[in-house]
Each structure stands twice: as structure tokens, then as C-alpha cells.
Amino acid sequence: MRVPRSRWRSWATVLVIVVCIYSVVWGGERKVGLATKLESNTHTGVRKALFRFPSLRRRGSVCLAVKPASASQRAVVPEASKAIRERTFTLAPGIDKDNARENPGRFRIFSYNVLADGPRYALRYPRILSEIHQYNPDVICLQEITRAMFQNSFYRDLQKEYTGLYAAKSDRRSKYQTSAMFVRTQRFKVLNGSLVSFARLSEDYFRSLGAHEGTFNDLDLMARMGAQDDKALIALLQDRNSQKKFVSISTHLYWNPKEPHVKSLQAYLLSQAAKDFLTRHNLDPDVGLVVAGDFNSLPNKTVPDAYDPIIPEGGLPSGAYKGLTTGVLTSLHPDHPCQRTKAECIGDLTFPIGLTSVYSYVYGSEPLITTKTDKFSGTLDYIFVRNLKVASALDMPFNDSSITKFGPIPNAAWPSDHIAICSDLIIP
């Protein structure tokens, strides 16, 4: 008896659902189709929500069959603008160009806030893609990515060369902005990964301070941290040639300039999450680490404003930047939670992992700006490293004298309101 084709399709659908249910109910690191299940620990704010790009993909407790995009569906990539093509790389101090190029441990990391589904996204996206192709990175860290952008744009056009990770949102709002990471498949293997929720990590942090026993009662701080569901992606990567490992992180901190103490505590929790990730996976304490993203924090504020009416001589580094680059944020810093809330002080914040800014290392200081709009301009985007050798960094498209001619973005030359940053690093 011949079985109708429609019934075969029905059986295939049932099979997909059964596989999905199996993947959700039974844990462990197993593969479903091509979807790699990653670790889950909701108690520590780490959830099973990172996915390798698959033909069969899980979203929360739902499996979606994702067909590879056809050539006709993929974006037509225009040539990058002249301004983008003219950007060059500057070698780090003590680096020989030829030796760095031939070093088998060299890889390129690229970080970009792409402005979510902002104005004229359909027109901006092909130019964003052309900028990515222009610099040909091995690891891509993107911020302000919505689920629709991830599925319908970047995944569609990068899947042939890259493995992708996405920081899914628990309530699955389609317009929620989060982070993504793409890893060149031929170069690196994604061994493991974690999705870090700062809101959930803050719950555990406040619990450790005695919030549940009533010995810590800064309700305002707990409410503000819990209300901001910003996230970070942490991925353990392995070089397919040398078998050496390193950790890559993509993140986006809270945006509001009125609440720098929230960003400071998020940065501290990120550092703690990175340390816990190394411990949990029995990694060498000296393993390489790169952290890239939009930290919404200035490296040094020199002009007083409504948020910081008093600026000390020499300027005021933001709390997040200060803590990440020096390892300590004292309770006297204006961006420390003790200075911004009325309840008890949580004391100095000691960041367990110290980081070095790539751009500050190469150029002696951070870029003048990494974003410019009609209302704001400043440096918010960084690439931080630890135990990775910095070979070079991508120049900014201006200098001290020409920056006055650099107008608000996005515009015809620059497809986002942030400027992409990029660096060549070497795994020692």
C-alpha cells in the first residue's frame, strides 16, 4: 500500500517534535541534529540558550526547523564605503609585521554594535555585512541583535563560514536587543558556552550578601539590577590546528547614563562569571581571554554634566572601565553602588580577572569616540584581553584634528551609530 506523501510529512513532523522533547528533558552535552546543547545552571544565572547554527534548532523548549537560505534569499553585499576601506591596522608595540602575519596562533576579532532594528535597517544591513567581509574576522561579536535579525539576516548570510551563538531572551520578545557571536568554523571549534544573565547573577550575589536573611536590604539596588536583563555570551573555543583553547565573550551593558552604578556592578558580575566559567571547565588559570562589546561606559569623563556635576582633576573613569582595567572599584568611586543608593554599602568591588584594553595598549589611549549621534558622542566600545598577545588594532577613521568633521552616524558611509572595532590577537 502506498502511503500518501502528506502522511510522510506528518510523521516527519512528529519525529522532529519527539527529538526536540528529548533534547529538552534530558540534559548533558549531546547534539540534536546540528544543534549543540550547552550547559544549564539557572541558579547561577547561566542558562541553556546558546546554539550552534543548525538545520534543527531549539528555542527555549521549542524546536524550529531552519532551512538553509538559498542564494536568492541572501543579501546582495555591496562594496564597503571608501571610508571603511581606508581604515588600516596599526601594529602593537614590539610586533614585527611579517612575524605576526605568519604566526599560526594569530586570529582576528571584530566587535560591532549594529543598532538593532533601527532606522532604515533594511538598507543598512547589506552595508554592515560588507563591513564584516571587509575585515574578514575569525570571531565576530555583535551587539543590539534581535531574534529576527539573527534568524533572517546574519544567520542567513554567515552560516556557510561561521558557527553562530545567540543570547536568547527568556520571554522571547522579538524586538529584544541582545548579543551574538560568530566563530569561523574552519578555524575554531566551539567546545562549550554559557549565557550569562546579569539580572540572575545579581540575585545570587545579593543572596550571598544576606538578602534572604534580611542582613542586606538595599532594595533599590536589587530592584534596579533585577530590572535590567542585559546578557553576555561566553564561549570556549579551540584552535583546530594547534588545539590550543581560549575564551571569547561578547556583551552589552546597561545603557542608561543616569545609573552608572548598575553598569559597574554588571561589569563586576561579568568578571566573576568569567572566572567561574574557567573554574567550571577546569581550564588553566592562564588560558587566553578576550572580552568585546558595548560597555556603555566612558574611559575618562573630563566635562561635568547632570550625572557627574563634579569631575576630579585629570578626569573621572567610569566605574565599569575602572574595575575591568585595574581590578578594583573602591566604594568611594562615584559610580560605585554605595555612592548612588541610600542603603548600606556593599564595600569595595574586587574584580577577579584583570583585563587590558587592546586600543589603549596599541595607541596609548582609547579612541576619541566609538559612537556619535545628534545627542551624544564618546567611547563606549572596547576589546579587552588577558593572556593573549596583541598584534594590531584597526585605526579609527579620524584623528585629533579631523574628528570635528566626523558627523553623526549612521550616514551614507557608516551603517550604524557605532564604529566597528577590530584587533589581531595571538594565542601564545
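Residues numbered from 1 in each chain as written. Predicted model: local features only at pLDDT ≥ 70, side-chain atom pairs only at ≥ 80, totals over all residues. Heavy atoms only, no water.

**Structural notes on the overall build of the chain**
(1) Moving on: Of the regular secondary structure elements, the chain holds eleven helices and 22 strands.
(2) Moving on: Relative to its full complement of 428 residues, the chain shows a buried share of 54%.
(3) Moving on: At a minimum sequence separation of 6, the contacts of the chain that also span at least 24 residues come to 74%.
(4) Moving on: Per element, the accessible surface of the chain, about 19,500 Å² overall, is 53% carbon and sulfur. (Helix = DSSP H or I, 4+ residues; strand = E, 2+ residues; numbered from the N terminus. Buried < 20%, exposed > 50% of the residue type's maximum accessible area, 1.4 Å probe, protein only. Contact = heavy atoms within 4.5 Å. Areas by Shrake-Rupley, 256 points an atom, 1.4 Å probe, with all protein chains shown as cover.)

**Quick word on the side chain of His 252**
(1) Moving on: Position of His 252 among the secondary structure elements: in strand S13 (residues 245-252).
(2) Moving on: There is a polar contact of 3.3 Å between the side chain of His 252 and the side chain of Asp 294.
(3) Moving on: Setting aside chain neighbours within four positions, we find His 252 in contact with Asn 113, Gln 143, Glu 144, Ser 179, Phe 198, Asp 230, Lys 231, Asp 294 and Asn 296. (Polar contact = N/O pair within 3.5 Å; in protein donor to acceptor, adjacent residues only side chain to side chain.)

**A short note on the packing of aromatic side chains**
What describes a pair of aromatic rings is the distance from one ring centre to the other and the angle between the planes of the rings.
(1) Moving on: Enumeration according to the criterion identifies 23 aromatic pairs in this entry.
(2) Moving on: Put simply, the rings of Tyr 121, Tyr 125, Phe 150, Phe 154, Tyr 166 and Phe 182 pair up and form one aromatic cluster.
(3) Moving on: The ring of Phe 89 has Arg 108 sitting right over it, with the charged end atom 4.0 Å from the ring centre. (Phe/Tyr/Trp six-rings, centres within 6.5 Å; stacked < 30°, edge-to-face > 60°. Lys NZ or Arg CZ within 6 Å of the ring centre and 35° of its normal.)

**Points about unusual backbone geometry**
(1) Moving on: Backbone torsion omega between Ile 409 and Pro 410 reads 10°, so that peptide bond is classified as cis.
(2) Moving on: Residue position: Pro 410 is located in the loop between strand S21 (389-394) and strand S22 (421-426).
(3) Moving on: Its identity is not glycine, yet Asn 282 carries a phi of approximately 55°, on the positive side.
(4) Moving on: Among the structural elements, Asn 282 can be located in the loop between helix H8 (260-280) and strand S14 (288-294).
(5) Moving on: Residue Asn 282 is classed as exposed on the basis of its relative accessible area, which comes to 71%.

**Description of the pairing of S14**
(1) Moving on: Within S14, seven of the seven residues are buried, which leaves it mostly tucked inside the rest of the structure.
(2) Moving on: Taking every second residue as pointing to the same face, both faces of S14 are buried, with Gly 288, Val 290, Ala 292 and Asp 294 on one and Leu 289, Val 291 and Gly 293 on the other.
(3) Moving on: Relative to S14, S13 runs parallel, the two being bridged by seven bridges. Across the sheet, the residue bridging to Ile 249 is Val 291, located in S14. (Pairing = 2+ DSSP bridges.)

**Describing the sheet that holds strand S9 (residues 162-166)**
(1) Moving on: On the basis of which strands lie adjacent, the open sheet formed by seven strands has the order S6-S21-S22-S7-S8-S10-S9 and mixed pairing. If you trace the sheet from one side to the other, it starts and ends with strand S6 (89-91) and S9, each paired once. Averaged over all pairs of adjacent strands, the angle between strand axes in this sheet comes to 20°, irrespective of strand direction.
(2) Moving on: Examined bridge by bridge, S9 and strand S10 (residues 178-184) share five bridges and lie antiparallel to one another. Residue pairing in the sheet places Gly 164 in a bridge with Phe 182 of S10.
(3) Moving on: Strands in contact with helix H4 (residues 121-135) are S6, strand S7 (106-113), strand S8 (139-145), S21 and S22; relative to S7, the strand with the most contacts, it is inclined by about 160°.
(4) Moving on: Sitting on the sheet, helix H5 (residues 147-158) is in contact with S8, S9 and S10, with an inclination near 155° to S8. (Axes fitted to C-alpha atoms, helices over the stretch in contact; angles between N-to-C directions.)

**Some points on H8**
Structural remark: α-helix, 3.6 residues per turn; residues separated by three or four positions point the same way.
(1) Moving on: End to end, H8 covers 30 Å across 21 residues, agreeing with the expected 30 Å (1.5 Å per residue, within 8%).
(2) Moving on: Across the 21 residues of H8, 16 count as buried, placing the element largely inside the fold.
(3) Moving on: The positive-phi residue at the C-terminal boundary of H8 is Asn 282, with phi of around 55°. (Expected span 1.5 Å × (residues − 1).)

**Observations regarding the packing of helix H6 (residues 198-208) against helix H7 (residues 219-227)**
(1) Moving on: The N-to-C vectors of H6 and H7 enclose an angle of 155°; their axes lie 7 Å apart at closest approach. The angle between H6 and H7 falls in the class roughly antiparallel. In the packing of H6 onto H7, the handedness of the crossing is left-handed. Only Leu 221, Met 222, Met 225 and Gly 226 of H7 make contact with H6, whose side of the interface consists of Ala 199, Ser 202 and Phe 206.
(2) Moving on: Residues that form the contact of H6 with H7 fall into these classes: five nonpolar, two polar and no charged. (Parallel < 35°, antiparallel > 145°, perpendicular 65-115°, else oblique. Left-handed = near helix turned anticlockwise from the far one by under 90°. Nonpolar A, V, L, I, M, F, W, Y, C, P; charged D, E, K, R; others polar.)

**Focus on the pattern of salt bridges**
(1) Moving on: With the rule as written, the count across this model stands at 16 salt bridges.
(2) Moving on: Residue Glu 79 is joined to Arg 85 by a salt bridge in which the shortest nitrogen-to-oxygen separation is 3.7 Å.
(3) Moving on: A relative accessible area of 63% means that Glu 79 is categorised as exposed.
(4) Moving on: Arg 85 gets classed as partly exposed once you look at its relative accessible area, which sits at 35%. (Salt bridge = Lys/Arg side-chain N within 4 Å of Asp/Glu carboxyl O.)

**Some remarks on the confidence of the model for the chain**
(1) Moving on: Predicted confidence across the chain gives a mean pLDDT of 84, with 80% of residues reaching 70 or more.
(2) Moving on: Considering only residues more than four positions removed or in separate chains, one finds that residues 16-68, a stretch of pLDDT under 50, has 128 contacts. (pLDDT = per-residue confidence, 0-100.)

**Re the environment of Lys 189**
(1) Moving on: Relative to the assigned elements, Lys 189 resides in strand S11 (residues 188-197).
(2) Moving on: You can call Lys 189 partly exposed: its relative accessible area is 35%.
(3) Moving on: With 54 residues separating them in the primary sequence, Lys 189 and Gln 243 have C-alpha atoms 9.2 Å apart.
(4) Moving on: Non-local contacts of Lys 189, meaning those with residues more than four positions away in its chain, are made with Leu 236, Leu 237, Gln 238 and Arg 240.

**Focus: the packing of H8 against helix H9 (residues 319-326)**
Packed helix pairs are specified by the crossing angle of their axes together with the interaxial distance, meaning the distance between the axes.
(1) Moving on: Close contact between H8 and H9 brings their axes to 7 Å; oriented N to C, the two are set at 25°. On the basis of their axis angle, the class for H8 and H9 is roughly parallel. The two elements H8 and H9 cross, and the hand of that crossing is right-handed. Together, Lys 263, Ser 264 and Ala 267 of H8 and Gly 319, Ala 320 and Leu 324 of H9 make up the contact between the two elements.

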